[in-house]
Each structure stands twice: as C-alpha cells, then as structure tokens.
Amino acid sequence: MLLNAENGRLELEGGGMDYIRFGSGERTMVILPGVGDGFRTVKGTALPFALGYRKLAKDFTVYLFSRREPLPEHCSTREMAADLGRALDRLELRRICLMGVSQGGMIAQWAAIDQPRRVDRLVLTVTAARPNDTMRETLGSWMALARKGDYRAIMEDNALRSYSAKTAARQKGAAALISALTKPKDFSRFLTQAESCLSHDAWEELPRIFCPTLVIGGTEDKIVTAEASRELAERIVGAELHLYEGLSHALYEEAKDFLDRVRDFCLKS
C-alpha cells in the first residue's frame, strides 16, 4: 500500500475514534488536527494525508486522531486528551512525538501535562494556552453561523482569516465550492469543539511540561494571534519559538519548510 497508508477506527467506552496511519519509520508521531474535525473526522483520508505529509513517512510512523464520536456535550480539551490517551494505550503507543494544530494543540498541552512519560517531544502549532479576545470574536462568530446552519459563511470566513493576503481570495473561492460539497448534516459536534476552545485554560499548569517543546506561529495569525504563540513559548520551560513572518493560521500549508522544521525538531536526540 502506498506509504503504508491505512484508515482505522477504535471503539472506546462511550464511542469510537477514527484515525489514520502512514509511514514506516521507527519513531512514532501523533498529529491532532484543529476544530475542523468537528465538521468531518479523518475517516477515509489516509492516502491524501500520507501524500501531503510524505516528508515524514521515512523517519516516522505517523498517526492522526480525530475526537471521539459521538462527542459528549461540553467535553473539554482535557477530557479529549484523556480520550487520546486511551486510544494510544489500545494501540500500544508508549513514546511519541506529539504535534497539535490549533485546537489539537490545546489537547496536546493537556496530554503532555497529564501523560508526561508518553510525550517525548511536543510541537504546538498555531494554538494558545487560553482564549484571548481574537479567539472569542472568531469562534463566537463561527458558532453563531453554525447555529444558523450557514456552513458556507464559516468556510469563507475561515479562509480569509487563515491564509496570507496573497492567497486568501483564492482560498475563499475554493471554500465556497468545498462547502457546497461537504456540508455536515449536524453542527453539534463542531459547536462542542469550538466551546472547548473557549473554555480551554492550561496557563497555570504549563510549567509542568518538561519535554522539549517547539511552538510555531504566524505573525499575522487572525484566529489565535502571534501573541498566543509567544505566551506559550515563554510559559513552557525551555520551549523554542518560531514565528513565520507574514503568515496566518494556515501556515502549515503555506510555509514550504514547515514539515522539514517539524521533522528536524522531532528527530533531535
């Protein structure tokens, strides 16, 4: 199978968890996606993810995990991290490099705090330790649109906020097409995940993270802000910080060296 790409699902207490796996490296990397997981899980996406992240496939066996489904109402990011721990136990994944993107980074913070013996290295990408005014305004707007069922407006606004000025207009057009083809039947899962971002607060416990940590942000992040990345790096002992100049929340798509940076950090001895 190309890049050893596989789709999987774990049945956990209270629901199932979709995941994908690819690569053949000796080291294990776990990636947690952002709040878009509330609209669609990673089910069936192993091959496109493997192709997009193939730079990691030689050195790592890579897993991407969705949140549990069904997701209980008012489920917190810390509870989602506990779900991840149960899934990793089921797959016997003991030592990992953990990368969380946006909301996934909030979950990753709790995993590193509550399961320190499991996380060897931590990469926190475009995420925050606690909500700020920009996050409240953005997520509040998306939640209001979700309650109206206006998926297209969410996707278009997300594109405008996530990409640099030179690509935002093009991405907005793509978002309109994607939203017409992939509109979710229900918005409750997204609303629960968005709510968990607004209640997330790991600030006081971040000094309990002792594994090597890389914080990645964008100077023009219009969803969590660059200041949120700076705060994380200052709060976590010994953390490294890299800010991509001129990029916003989707820097992991726009920065050509993003995967190289993550790979090199996670391969350090």
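Structural data are supplied above this passage.
These lines cover the structure that appears in this document, whether it is placed above or below. (Residues numbered from 1 in each chain as written. Predicted model: local features only at pLDDT ≥ 70, side-chain atom pairs only at ≥ 80, totals over all residues. Heavy atoms only, no water.)

## Some thoughts on the packing of helix H2 (residues 77-90) against helix H3 (residues 103-114)
Next up, step 1: It is at 8 Å that the axes of H2 and H3 come closest, and there the two elements cross at 70°. The angle between H2 and H3 falls in the class roughly perpendicular. Like other packed secondary-structure pairs, H2 and H3 cross with a definite hand, here right-handed. The residues of H3 that touch H2, namely those facing Thr77, Arg78, Met80, Ala81 and Leu84, are Gln103, Met106, Ile107, Trp110, Ala111, Ile113 and Asp114.
Next up, step 2: In the contact of H2 with H3, the residues fall into 8 nonpolar, 2 polar and 2 charged. (Axes fitted to C-alpha atoms, helices over the stretch in contact; angles between N-to-C directions. Helix = DSSP H or I, 4+ residues; strand = E, 2+ residues; numbered from the N terminus. Parallel < 35°, antiparallel > 145°, perpendicular 65-115°, else oblique. Left-handed = near helix turned anticlockwise from the far one by under 90°. Contact = heavy atoms within 4.5 Å. Nonpolar A, V, L, I, M, F, W, Y, C, P; charged D, E, K, R; others polar.)

## Remarks on the sheet that holds strand S1 (residues 6-12)
Next up, step 1: An order of S1-S2-S4-S3-S5-S6-S7-S8 is seen for the 8 strands of this open sheet, with the pairing classed as mixed. Edge strands, defined here as strands with exactly one partner in the open sheet, are S1 and strand S8 (240-244). Looking at each pair of strands side by side, their axes are set apart by 20° on average, direction ignored.
Next up, step 2: Pairing of strand S3 (residues 27-32) with strand S5 (residues 96-101) involves 4 bridges; the strand directions are parallel. By the bridge assignment for S5, Leu32 is matched with Gly100.
Next up, step 3: Most of the contacts of H3 go to S5, to which it runs at about 145°, and overall it touches S3, S5 and strand S6 (119-125). (Pairing = 2+ DSSP bridges.)

## Comments concerning helix H7 (residues 188-199)
Next up, step 1: A rise of 1.5 Å per residue sets the reference length of H7, with its 12 residues, at 16 Å; its end C-alpha atoms lie 17 Å apart and thus fit the reference within 8%.
Next up, step 2: Tucked inside the fold, the buried residues of H7 contact H2, H3 and helix H4 (133-148). (Expected span 1.5 Å × (residues − 1).)

## A look at empty space enclosed by the protein
Next up, step 1: Tallied over the entire structure, the rule returns 1 cavity of 30 Å³ or more.
Next up, step 2: Forming the walls of the largest cavity are Met17, Leu32, Phe65, Ser66, Arg67, Arg68, Met80, Asp83, Leu84 and Ile107. (1 Å grid on protein atoms, 1.4 Å probe; cavity = no way out; pocket = protein on both sides within 12 Å on 5 of 7 lines; lining within 4 Å. Points joined across faces, edges and corners; volume = space filled by probe spheres on them.)

## Re the state of the cysteines
Next up, step 1: Counted by the stated rule, this structure contains 1 disulfide.
Next up, step 2: The disulfide that involves Cys97 links it to Cys266, with 2.2 Å between the sulfurs. Separated by 169 residues along the polypeptide, Cys97 in strand S5 and Cys266 in helix H10 (residues 258-267) bring together distant segments of the chain. The exposure classification of Cys97 matches that of Cys266, with both residues buried.
Next up, step 3: You can see Cys197 has no disulfide; the closest cysteine sulfur is in Cys75, sitting 12 Å from it.
Next up, step 4: Note on Cys197: relative accessible area 4%, which makes it buried.
Next up, step 5: Between Cys211, a cysteine without a disulfide, and Cys97, which holds the nearest cysteine sulfur, the sulfur-to-sulfur distance is 8.8 Å. (Disulfide = S-S within 2.5 Å. Buried < 20%, exposed > 50% of the residue type's maximum accessible area, 1.4 Å probe, protein only.)

## Digging into unusual backbone geometry
Next up, step 1: In the segment running from Glu69 into Pro70, the intervening peptide bond is cis, with an omega of 5°.
Next up, step 2: Residue Glu92 is not a glycine yet carries a positive backbone phi of 60°.
Next up, step 3: Within the secondary structure, Glu92 is located in the loop between H2 and S5.
Next up, step 4: Judged by its relative accessible area of 59%, Glu92 is exposed.
Next up, step 5: The phi dihedral of Thr225 is positive, around 80°, even though this residue is not glycine.
Next up, step 6: Considering the arrangement of structural elements, one finds Thr225 in the loop between strand S7 (213-218) and helix H8 (226-235).

## Points about the nonpolar core
Next up, step 1: Val30, Phe65, Leu98, Leu122 and Leu206 are the most contacted members of the largest nonpolar core, which has 38 residues in total.
Next up, step 2: The element best represented in this core is H3, accounting for 6 residues.
Next up, step 3: If near-sequence neighbours (up to four positions away) are discounted, Leu122 is found in contact with Leu98, Ala108, Ala112, Ile209, Cys211, Pro212, Thr213, Leu214 and Phe265. (Core = buried A, V, L, I, M, F, W, Y, C linked by side-chain atoms within 4.5 Å.)

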